[in-house]
Every structure is written in C-alpha cells, then in structure tokens.
Amino acid sequence: MEVLVIANIKGGVGKSTLAVNLAVAKALEGKKVLLIDTDLQANALGFVELRRQNGKKDITGVLIPKPVIHKQIEDFSDFDAVIIDVGAKDTQTFRSSIVASYFGKLIVPVLPSPYDVWTLEDTLKVVKEIYEQLDMVHNLNPKPLVVLNQVIRSTISDDTLQAFSDLQKEFQFISLNSKLFQRVVYRKSLSEGKGVLEMHDPKAIEEFTNFVNEINSIDFS
Ligand SMILES: Nc1ncnc2c1ncn2[C@@H]1O[C@H](COP(=O)(O)OP(=O)(O)O)[C@@H](O)[C@H]1O
Ligand SMILES: [Mg+2]
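Along each chain, numbering runs from 1 in the same order as the chain's sequence is written. Starting at A for chains and at 1 for ligands, labels are handed out in the order in which the entities are written. In view of the model being predicted, local features appear only for residues whose pLDDT reaches at least 70, and side-chain atom pairs are presented and counted only at 80 or more, with totals across whole chains, interfaces and linings using the full set of residues. Side-chain numbers come from the whole structure's heavy atoms, not from hydrogens or water.

Caption draft 1: Representation of the site of ligand 1 in the model. Residues in close proximity to ligand 1 total 14 residues, the closest being Gly-12, Lys-15, Thr-17, Asn-149 and Phe-181. Asn-149 places a side-chain nitrogen or oxygen 2.9 Å from a nitrogen atom of ligand 1. Residue exposure ignores everything except the shown protein chains as possible cover, and the areas themselves are Shrake-Rupley values with a 1.4 Å probe. Against a free-state accessible area of 560 Å², the protein chains account for coverage of 82% of ligand 1. Here ligand 1 occupies the second largest pocket. Contributing elements (two or more residues each) for the shell around ligand 1: helix H1 (15-28) and helix H7 (184-191). Throughout, near means a residue has at least one heavy atom within 4 Å of the molecule or strand. Pairing of N or O atoms within 3.5 Å defines a polar contact, subject to two protein rules: one partner must be a possible hydrogen donor and the other a possible acceptor, and residues neighboring in sequence count only if both atoms are side-chain atoms. Put plainly, a pocket is an open set of points on a 1 Å grid over the protein atoms alone with protein on both sides within 12 Å along at least five of seven lines, a cavity is a set where a 1.4 Å probe fits but cannot get out, and a lining residue has an atom within 4 Å of a point. Just a note on the criterion: a molecule sits in a pocket or cavity if more than half of its atoms are within 2 Å of the grid points. The way it works is that DSSP assigns letters per residue, a run of H or I at least four long becomes a helix, a run of E at least two long becomes a strand, and they are numbered from the N terminus.

Next up, the structure:
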C-alpha cells in the first residue's frame, strides 16, 4: 500500500487540488484508490461524490476528521494507494496525518512567493519534530517533498529562491523539480469530477505526469 499525504498548515495552497489529482492519477494506473479527507470542509470527499454521480466509481472517499489516521491506515491495507488530504491547521489530526506520512510520502504544496515559502517553516517544524521521534525507532529518514503550485512565470523570483535556500539550511526537505502552473483547467476539471489527466490540455497533462513520475522515483526505504 502506497501512502501519499498532502499537507501544509497554510490554506489555499492547492492541497485538495493535488490530492484529488493524485487520486485520479493512481486510479488511471489501475490501482485501487482510497482518498481520505481529514478536513471538515470535505473538498476532496465532495470531489469523489461528484465523480461517482458522473459514473466514475474508481475512487473511494472517506472523511476522517479525527487524530486516528496513523492507526486507521492499517485497516485500509487492501487499497493499493491511499491519498490523504489534510486540513490547514496544526491540529492533532494534522499531526496524526504527518505520522502516517512517515511510512509513505509527504507532499507539501507551496505558492511561489517569499512570504509563502517562509510560512512553510510552521509546517516543516512540526514535521521535523514528529519525524525525529519516529527516526529514533524506525530509522527511515524520509523527507517532505515540497512542490511549487500555481506558478505564473517559468522563472522563479530570486526572493523566492533565497527563501527556499534559507529554509533548507534549517530543515531537510526535497524541493521537487516539477512545478505546477496556474491553469484554469485545475479548477474546471474539479467542477466536472475529473482530474487534469482526464482533460484535453496537453501542457497540464505533461506537467502533472512529470510530477507523479518524480514522486514515484523517490524511494526512502
Ligand atoms: N495549479 C493551479 N492552477 C489554478 N488554480 C489552482 C491550482 N491549484 C489550486 N488552484 C485553485 O486554488 C484554490 C485553492 O486550492 P485548494 O486545493 O482548495 O487549496 P487547499 O486545499 O490547500 O486549501 C482553489 O480554488 C483551486 O481550484
Ligand atoms: Mg483543502
């Protein structure tokens, strides 16, 4: 069972968007996919319901807004891929999801501005604290995967890059080479219960495929 956790304490960075698109990507690979929504706003679960109404029953959705994710995940071992959309607050449920990510991959979307990169610190601090404890027992040493989302220009500003390198001195994380651009299709597809991979937008398909391939290529075990 592959576990992908999408988290950032900041809201509006694209967590739900990436979570549902990753769920679709895994379903298109023929995998049995569970999308866990830990956020009471239930954006990801709403997507699964809309998708089902449109006749696509390839993703199972469940709402678990409680700090039991890291324990309950064992109950879902008959799924090939479990994607977890985490709410934007440092709650016990957030921390429980971070524990679950230790045994899979943690994906942290961030908007391409210095301010947004600095606020990553809040998330990375909690992750560091939890991972250090788990490392003492399991010694897997995974690292969060940070991905820029809603990128507008292909060159990232010097301020943003500087903020990244400052953070990297303090926290260990992997910044993905793949970037996700701001595209109307990310909004449009969700309102149709689809992922961008199911839309007719070659650029979006290419960037999202690269993103999935890059995630798949990373191995902490
Ligand atoms: N790459 C993107 N291009 C265009 N719009 C995006 C992109 N990623 C996210 N959005 C939009 O930004 C808003 C916030 O995204 P969302 O996934 O809900 O963030 P979060 O779950 O982190 O709060 C939504 O309206 C979503 O459609
Ligand atoms: Mg969300």
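Caption draft 2: Structural view of the environment of Pro-65. With respect to the helices and strands, the residue Pro-65 is situated in the loop between strand S3 (59-63) and helix H3 (69-72). Separated by 143 residues in the primary sequence, Pro-65 and Phe-208 have C-alpha atoms spaced 28 Å apart. Residues within four places of Pro-65 in sequence aside, it is in contact with Asp-37, Thr-38, Leu-40 and Thr-93. It only takes one pair of heavy atoms within 4.5 Å for two residues to be counted as in contact.

Caption draft 3: The arrangement of the sheet that holds S3 in detail. Note: two strands are recorded as paired if DSSP finds a minimum of 2 bridges between them. On the basis of which strands lie adjacent, the open sheet formed by seven strands has the order S3-S2-S4-S1-S5-S6-S7 and parallel pairing. Of all the strands in the sheet, the pair left with one neighbour each is S3 and strand S7 (174-175). As paired strands, strand S2 (residues 33-37) and S3 are joined by five bridges and run parallel to one another. In the strand pairing of S3, Leu-34 is matched with Thr-60. To obtain each axis, a line is fitted to C-alpha atoms, and for helices this fit is confined to the stretch in contact; angles are then taken between N-to-C directions over 0 to 180 degrees. Against the sheet, H1 makes contact with strand S1 (2-6), S2, S3, strand S4 (81-85), strand S5 (105-110) and strand S6 (145-148), and its axis sits at roughly 170° relative to S4, the strand it touches most.

Caption draft 4: Highlighting unusual backbone geometry. We note that Asn-141 has phi near 50°; this positive angle belongs to a residue other than glycine. Relative to the helices and strands, Asn-141 resides in the loop between helix H5 (114-138) and S6. At Gln-150, a position not held by glycine, the phi torsion is positive, near 60°. Within the secondary structure layout, Gln-150 lies in the loop between S6 and helix H6 (158-170).

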